[in-house]
Amino acid sequence: MPNMSLEKIKMPEQAPDIRNANFKEVTLGYTPEMAMEEAQRCINCKKPFCVEGCPVNVAIPEFISYVKDGEFEKAYKTITATNALPAVCGRVCPQETQCEGLCVRGKKGMPVGIGYLERFVADWYIENGSSEPFEFKSNGHKVAVVGSGPSGLICAADLAKRNYEVTIFEAFHTTGGVLIYGIPEFRLPKRIVQVEIDKLIKLGVKIQTNMVIGKVFSVDDLFADGFEAVFIGSGAGLPTFMKIPGENLNGVYSANEYLTRINLMKSYDASYDTPIMKSTSVAVVGGGNVAMDAARCAKRLGAEKVYIVYRRSEAEMPARVEEVHHAKDEGIIFRLLTAPVRIIGDDKGQVTGMECVEMELGEPDSSGRRRPITKEGSNYILDVDTAIIAIGTSPNPLIKSTTPGLETNKWGCIVANETTGLTSREGVFAGGDAVTGAATVILAMGAGKNAAVAIDEYIQSKTKK
């Protein structure tokens, strides 16, 4: 019998006053019984709009149908036919604006918990699934993938399954890109990412770390080494600042640096020697997921007060509703309709405060969100000793400056065909944040998937000539 409850099965999670002092995963996952009960809420629509909302077109009704029947391994194989990172996507994808946003059940009540079910299936398989042997047989063609974030991992996996000799070149000493350095342990445990990377290695993909393309060698060097195509999935790791007075003071971080020190370099673990501010009061400027991550990390590192300073209202916040909810529960203080105008420091160059102004919303701007307007005379000082700037990132300019003929736009993003990822350079494809600027994991994966198809077609067409 279908479960016609208007509410999805609630995901168990750590209590807020416990989790805001540790880096263990906040949400604890469904039990098999919970997953099967939630799966019963799917009414198996004749026209599955949920699939249309998924950037990698997972066969959602089919995998949920298997979950209903307790056929979890079949559910996993259905998902991974199009999505190679289900344990990751089940945790960090914005399902509420994609698959679940189009779920018919969401018109009267809550949508089916597609993300929760995807995570359950992936986690179940990690613990219980039987790994199928994969025999790699090279087709004689080599492809280089620059960057080991979500777009690069998916592109490499799909090409390896087509028997290409794929080598990933990663700038950091650890594989995983933004999944490792950008997303905190309490949202995405690194053991989960490592499981996905290990699966990639089993497909025959080679990984070289500490390889900064543009410094160690160039895209042209890759072609000279026999690679027939190059996929650039190097992400967007160059932070944007506000260009206000005081941003050069001690105690001012980009969110990128702050999260990298915590996530990749484990500054929260006393056994690691990574320095980070021992803050008492922190202001995080921005309203996206990165801002929420930075604020929640600051709280876990012991800050007594952590503020989100955002110039629009909560309705305009780009962060996931779930992340905002978790941040509030954990004691993060939201200063909405507020913008910083300068950061204040003492005679030692250390942050002591942030001067802010109140805002009000005017007419919508080009993004469709209402434009914030300053309230004259509303200036006040927020007492903080640390400021974290989380207002966006752009691609690192190294690849652009060392790759002749590679077209980029005014934001430094690589110009690439939306469907194929083909750039202005023959044989060079790109996708993910390097093309779009900072976006979602699943959109980057979709770009990597599309590029793999296009690279295969490109190399095979050359071979036939």
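Every value quoted in this text rests on a predicted model; they were computed, and no experiment measured them. Every chain is numbered independently, its residues counted from 1 as its sequence is written. Thresholds applied to this predicted model are a pLDDT of at least 70 for local features of residues and 80 or more for the giving and counting of side-chain atom pairs; totals over whole chains, interfaces and linings are not thresholded and use all residues. Where side-chain values are given, they derive from all heavy atoms of the structure, hydrogens and water being excluded.

Observations regarding the nonpolar core
Applicable threshold: Take the buried residues of types Ala, Val, Leu, Ile, Met, Phe, Trp, Tyr and Cys, join any two whose side-chain atoms come within 4.5 Å, and each joined set is a nonpolar core. Think of it in three bands: with a 1.4 Å probe and only protein chains considered, a residue is buried below 20% of the maximum accessible area for its type, exposed above 50%, and partly exposed in between. Secondary structure follows DSSP: runs of H or I at least 4 residues long count as helices, runs of E at least 2 residues long count as strands, and numbering of each begins at the N terminus. Throughout, a residue-residue contact means that at least one pair of heavy atoms, one from each residue, lies within 4.5 Å.
Membership of the largest hydrophobic core comes to 72 residues, with the highest contact counts inside it found for Ile60, Phe63, Ile64, Val67, Leu117 and Ile455. If you tally residues by element for this core, the top one is helix H17 (residues 441–464), at nine residues. Not counting residues up to four positions away in its chain, the partners in contact with Leu117 are Tyr30, Ala35, Glu38, Ala39, Phe63, Ile64, Val67 and Val112. Counting 29 residues, the second-largest nonpolar core is a separate cluster that includes Ala255, Leu259, Met292 and Ala294.

Remarks on the pattern of salt bridges
As a reminder, the rule being used: Salt bridges are defined by distance alone: a side-chain nitrogen of Lys or Arg within 4 Å of a carboxyl oxygen of Asp or Glu.
Taken as a whole and judged by the stated rule, the model has 26 salt bridges. Between Asp158 and Lys449 there is a salt bridge, and its shortest N-O distance comes to 3.2 Å. Note that Asp158 is positioned in helix H8 (residues 150–161) and Lys449 in helix H17, a separation of 291 residues in sequence. Among the residues examined, Asp158 registers a relative accessible area of 10% and is labelled buried. What makes Lys449 buried here is its relative accessible area of 18%. The partner of Arg342 in a salt bridge is Glu355, with the nearest N and O atoms 2.3 Å apart. With Arg342 in strand E10 (residues 338–345) and Glu355 in strand E11 (residues 351–364), this residue pair connects regions lying 13 residues apart in the sequence. Arg342 sits in the partly exposed class, given a relative accessible area of 35%. Taken together, the shared-partner salt bridges connect Glu13, Arg19, Arg187, Asp293, Arg296, Arg300, Glu323 and Glu330 into one network.

Topic: the packing of aromatic side chains
Short version of the rule: The criterion for an aromatic pair is that two Phe, Tyr or Trp rings (for Trp, the six-membered ring) have centres within 6.5 Å, with stacked assigned to planes under 30 degrees apart, edge-to-face to planes over 60 apart and tilted to the rest. Counting as a charge over the ring demands two things of the Lys NZ or Arg CZ atom: a distance within 6 Å of the ring centre and an angle within 35 degrees of the ring normal.
On inspection of all chains with the given rule, the structure shows eleven aromatic pairs. Here Phe23 and Phe186 contribute two aromatic rings whose centre-to-centre distance is 5.9 Å and whose plane-to-plane angle is 50°, an arrangement assigned as tilted. Note that Phe23 is positioned in the loop between helix H1 (16–19) and helix H2 (32–39) and Phe186 in the loop between helix H9 (178–181) and helix H10 (190–202), a separation of 163 residues in sequence. The pair formed by Phe23 and Phe186 is uniform in burial state, with each residue classed as buried. Between Phe429 and Tyr458, the ring centres sit 5.8 Å apart and the planes meet at 65°, which makes this aromatic pair edge-to-face. Of this pair, Phe429 sits in strand E16 (residues 428–430) while Tyr458 is found in helix H17, placing the two residues 29 residues apart along the sequence. Both residues of the pair, Phe429 and Tyr458, count as buried. Pairwise contacts between aromatic rings join Phe23, Phe186 and Tyr268 into one cluster. The side chain of Lys8 reaches across the aromatic face of Tyr116, ending 5.2 Å from its centre. Lying over the aromatic face of Phe186, Arg300 brings its terminal NZ or CZ to 3.8 Å of the ring centre.

Here we look at unusual backbone geometry
In this structure, Lys243 takes a positive phi of about 60° despite not being glycine. Since its relative accessible area comes to 78%, Lys243 is described here as exposed. A positive phi angle is found at Leu337, which is not glycine, with a value near 50°. Along the polypeptide, Leu337 turns up in the loop between strand E9 (333–335) and E10. Residue class for Leu337 comes out partly exposed when judged on its relative accessible area of 27%.

Some remarks on helix H5 (residues 72–80)
Along H5, the positions that sit buried rather than exposed are Phe72, Ala75, Tyr76, Thr78, Ile79 and Thr80. On its buried face, H5 sits against H2, helix H4 (60–68), helix H6 (86–92), helix H7 (114–128), H8 and H10.

With respect to helix H13 (residues 289–300)
Keep this limit in mind: Here the expected span of a helix is defined as 1.5 Å times the quantity of residues minus one.
In this model, H13 (twelve residues) spans 16 Å end to end at C-alpha, consistent with the 16 Å of a helix rising 1.5 Å per residue. For H13, a buried count of ten out of twelve residues is recorded, marking the element as mostly surrounded by other parts of the structure. In the segment just after H13, Gly302 is the residue with positive phi, at about 110°.

Comments concerning the sheet that holds E9
Operational definition: Here, a strand pair is defined by DSSP locating no fewer than two bridges between the strands. The angle between two axes is taken between their N-to-C directions and runs from 0 to 180 degrees, where each axis is a line fitted to C-alpha atoms and a helix contributes only its stretch in contact.
In spatial order, the strands read E6-E14-E7-E8-E9; together these five strands make up an open sheet with parallel pairing. Every interior strand has two partners, whereas the edge strands, strand E6 (252–254) and E9, have only one. Each strand axis lies, on average, 20° off the axis of its neighbour in the sheet, ignoring direction. Pairing between strand E8 (residues 305–309) and E9: three bridges, direction parallel. Opposite Val309, over in E9, you have Arg335 as the bridge partner. Against the sheet, helix H12 (residues 255–263) contacts E6 and strand E14 (386–389), and its axis sits at roughly 85° relative to E6. Along the sheet, H13 makes contact with strand E7 (281–285), E8, E9 and E14, crossing E8 at roughly 170°.

Quick look at the pairing of strand E12 (residues 370–374)
Two strands pair when backbone bridges link them, and E11 and E12 are joined in this way by four bridges, in the antiparallel orientation. What sits directly across from Glu360, in E12, is Ile373. As consecutive antiparallel partners, E11 and E12 are separated by five residues, and within that stretch Gly368 has a phi angle of approximately 90°, a positive value.

A short note on the sheet that holds strand E3 (residues 206–208)
The five strands are arranged E3-E2-E1-E4-E16 in an open sheet whose pairing can be described as parallel. Single-partner strands in this sheet number two, and they are E3 and E16. Averaged over all pairs of adjacent strands, the angle between their axes in this sheet comes to 20°, without regard to strand direction. Pairing of strand E2 (residues 165–169) with E3, which is carried by three bridges, proceeds in the parallel orientation. Bridging across to E3, Phe169 finds its partner in Gln208. Packing of H17 onto the sheet brings it into contact with strand E1 (142–146), strand E4 (229–232) and E16, and relative to E4 it is tilted by some 170°.

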